[in-house]
Structures are given as structure tokens and as C-alpha cells.
Amino acid sequence: MTTNIETNRNTGNGRAWIMLLLAGAFEIGYALSVAGSKAFTVPGWSISAGLFFLLTLYALSVALRTIDVGIGYAVWAGIGSVGAAVLGSVLLHQALTPVQAAWLAVIIAGVVWLKLADRAGARTDGRRLPG
Amino acid sequence: MSWLHLGVAVIFEIAVAISAGNARGFTRPGWTAATLVSGAIGTFFLSLALLTFDVGVGYAIWTSVAGVGVVILGALFFGQRLGWQKLLGIALVIGGVVGLRLSGAA
């Protein structure tokens, strides 16, 4: 099932994941700036939105050089959603409900799982494990 | 019209991911332009869709359909056939985003 993984992906993969997490963080900055710009009528927030837009897509593009696009997209969107929910709750002074907190935990567990699965996938190349 | 807007937004969201993957850290000008233009168009149509959709439901559909679409296109065009561990992780994250958005989070 994992026959198409490129070889020599062990090196630099950690750096790609840091770029992917950064892309998620920039995505949060983008969402906040868009909200603050009030449909791009506030100049300062609009410029901030434009900068975060470039930064998040650049970081995503760098990360996707080595991370599978399906994984990269899910993690990018997942971190953006977690950040929006947490910051939204702080800014609006609304505590997260237990159900919302549980879904946050599911997303974070999924991201950690993907990071581990990505590393394991790279490792199996050299050993030619079945599967 | 809102379903049409949401559908177009999903298509461009998938295009963002595929283009960003091909842009290789913005070193390829054509794919870089495609990434940025797709991102701008996708955001525009999503905001149109969210005028009529409930925001939580709109985001949930948008992210989940795009997430599945990216996995399928990644397999078709990049040969990135993912093992069950990676598919399970993607399902966890996308499922979590859907649950979070439907539970009324910001």
C-alpha cells in the first residue's frame, strides 16, 4: 500500500512539518485579519490579510515539497480551524463547550497521528517492510 | 445560488492545494500564480456562499469535500496512494473539523 513513497525522505521531513505548522499559524492570522478588515474596508487589517494570505500559501507550498498533498491539506485546514475556535473563544469571551473541546482533541490527535505515520512511512522505505 | 457558490469554492480550494504542491515553494511562477489566484477566487466564492449558508455548515461541507477531493487528486495525479494509517489520520482531522464547525465554534 505504501509502494509509491519516494526514497530519501527521512532527511528534511521534520523541517517540512515545521513549515506545515507555520502555514497553519499564518492561516489563523489570515482568518483573524479578514474578520478585522470588515469585508476589506479597514486598510490596516486588509494589508495584514494580504500578507498572511501570501505567507500561508508560501509555507504550504514549501511543506508540500515533501509531505503528501492529502496530509498537508488536512493538517493545514485542521490547524486553521483549531486556531479559529480557540482565538474566537478568547476574543469573544465565550468558553468552549465540552463538545467543542472534544472535537479540538480529535483534530490534534489526528495531526499528531499523521506526523507519526508520515515518519513511519519514510522509515519503511529502507527496511522494505510489508504493507 | 448558494450551492453553486459553495461548489465553486470547493473546486478552487482543491486547486489551491494541488497548485501549492506543484509550485515547489513558489519556485515555479506558473503554479505559484495558480496558487494565489485560486486562493483569491476560492475565498471570494466561499464568502458569497456563507451569505446564505449557515457559517458552520458551510465551512464543514467546504473543508470536508475539499479534503477528500485533494486525497483523490493526489492519488490520481501525483501517485500519492496513501496507506490506511495516513487515510485514518486524514479522516480524524477532517472529521474533527466537521464536528467542530457543526458544534458552533467560531
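1. As for the overall build of chain B
Along its length, chain B carries 4 helices and 0 strands. The N-to-C order of helical and strand elements in chain B reads α-α-α-α. Principal-axis analysis of the C-alpha atoms gives chain B an extent of 35 × 35 × 20 Å. Relative to its full complement of 106 residues, chain B shows a buried share of 49%. Taking contacts inside chain B between residues at least 6 apart in sequence as the whole, the part at least 24 apart equals 63%.

2. A short note on the packing of aromatic side chains
Under the defined criterion, the tally for this structure stands at 7 aromatic pairs over all chains. Its guanidinium or amino end placed over the ring of Tyr59 of chain B, Arg101 of chain B lies 4.2 Å from that ring's centre, counting from NZ or CZ.

3. Quick look at helix α3 (residues 69-91) of chain A
Residues and elements named next belong to chain A. Taking 1.5 Å per residue, 23 residues should reach 33 Å; α3 reaches 32 Å between its end C-alpha atoms and fits that length. Counting buried positions along α3 yields 18 of 23 residues, so the element is predominantly enclosed. Positive phi shows up at His93, right after α3, with a value of about 55 degrees.

4. Points about the interface of chain A and chain B
Listed by partner, the interface residues are 41 residues for chain A and 46 residues for chain B. Put simply, chain A and chain B have 2 salt bridges between them. When the shortest N-O distance is used, the salt bridge between Asp68 of chain A and Lys86 of chain B registers 3.2 Å. Our count for the chain A to chain B interface comes out at 10 residue pairs in polar contact (both at pLDDT 80 or more). Examining the composition of the side of chain A that touches chain B, we find that 13 residues originate from one element, α3 of chain A, more than from any other. Split into classes, the residues belonging to the side of chain A that touches chain B amount to 28 nonpolar, 9 polar and 4 charged.

5. A short note on the nonpolar core
Trp17, Leu20, Val75 and Trp76 of chain A together with Ile90 of chain B are the most contacted members of the largest nonpolar core, which has 52 residues in total. Elements supplying a minimum of two residues to this core: α1 (13-36), α2 (43-63), α3 and α4 (98-127) of chain A together with α1 (2-23), α2 (29-52), α3 (55-78) and α4 (84-102) of chain B. Here the element with the most residues in this core is α3 of chain A; it accounts for 10 residues. Apart from residues lying up to four places away in sequence, Trp76 of chain A is in contact with Leu20, Ala23, Gly24, Glu27, Thr56, Leu57 and Leu60 of chain A together with Glu13 and Val16 of chain B.

6. Quick look at a nonpolar patch on the surface
All names here are of chain A. Together, Leu32, Val86, Val90, Leu91 and Leu92 give the surface a local cluster of nonpolar side chains, amounting to about 430 Å² of exposed area. Element by element, the count of residues in the nonpolar patch is highest for α3, at 3 residues. Counting through the fold element by element, Leu32 comes out in helix α1. With a relative accessible area of 34%, Leu32 lands in the partly exposed category.

7. Here's the deal with the environment of Gly7 of chain B
Residues and elements named next belong to chain B. Its place among the elements puts Gly7 in helix α1. Given the relative accessible area of 32%, Gly7 is considered partly exposed. Remark: the alpha-carbon pair of Gly7 and Trp62, spanning 55 residues in sequence, is separated by 8.0 Å.

8. A word on the confidence of the model for chain B
All names here are of chain B. This prediction gives chain B a mean pLDDT of 93; 98% of its residues lie at or above 70. α3 is the least confidently modelled element of chain B, averaging 92 in pLDDT, while α1 averages 96, the highest of any element. Across the assembled chains, the prediction reports ipTM 0.93 with pTM 0.87.

9. Some thoughts on unusual backbone geometry
Notably, Ala39 of chain A is not glycine yet its phi reads approximately 55 degrees, a positive angle. Secondary-structure assignment places Ala39 of chain A in the loop between α1 and α2. The backbone phi angle of Arg24 of chain B is positive, close to 50 degrees, even though this residue is not glycine. Here Arg24 of chain B is to be found in the loop between α1 and α2.

10. Observations regarding the packing of α2 of chain A against α2 of chain B
Taken N-terminus to C-terminus, the directions of α2 of chain A and α2 of chain B make an angle of 125 degrees; their axes are 11 Å apart at the nearest point. The pairing of α2 of chain A with α2 of chain B is recorded here as oblique in orientation. The element α2 of chain A and its partner α2 of chain B pack so that their crossing is right-handed. Between α2 of chain A and α2 of chain B, the contacting residues are Phe53, Leu54 and Leu57 of chain A on the first element and Thr35, Leu36, Gly39 and Ala40 of chain B on the second. Across the contact of α2 of chain A with α2 of chain B, the residue classes break down as 5 nonpolar, 2 polar and no charged.

The rules behind each value
- Residues numbered from 1 in each chain as written.
- Chains lettered and ligands numbered in written order.
- Predicted model: local features only at pLDDT ≥ 70, side-chain atom pairs only at ≥ 80, totals over all residues.
- Heavy atoms only, no water.
- Helix = DSSP H or I, 4+ residues; strand = E, 2+ residues; numbered from the N terminus.
- Buried < 20%, exposed > 50% of the residue type's maximum accessible area, 1.4 Å probe, protein only.
- Contact = heavy atoms within 4.5 Å.
- Phe/Tyr/Trp six-rings, centres within 6.5 Å; stacked < 30°, edge-to-face > 60°.
- Lys NZ or Arg CZ within 6 Å of the ring centre and 35° of its normal.
- Expected span 1.5 Å × (residues − 1).
- Salt bridge = Lys/Arg side-chain N within 4 Å of Asp/Glu carboxyl O.
- Polar contact = N/O pair within 3.5 Å; in protein donor to acceptor, adjacent residues only side chain to side chain.
- Nonpolar A, V, L, I, M, F, W, Y, C, P; charged D, E, K, R; others polar.
- Core = buried A, V, L, I, M, F, W, Y, C linked by side-chain atoms within 4.5 Å.
- Patch = residues over 30% accessible without salt bridge, like charges linked within 9 Å, V, L, I, M, F, W, Y side chains within 5 Å.
- Areas by Shrake-Rupley, 256 points an atom, 1.4 Å probe, with all protein chains shown as cover.
- pLDDT = per-residue confidence, 0-100.
- Axes fitted to C-alpha atoms, helices over the stretch in contact; angles between N-to-C directions.
- Parallel < 35°, antiparallel > 145°, perpendicular 65-115°, else oblique.
- Left-handed = near helix turned anticlockwise from the far one by under 90°.

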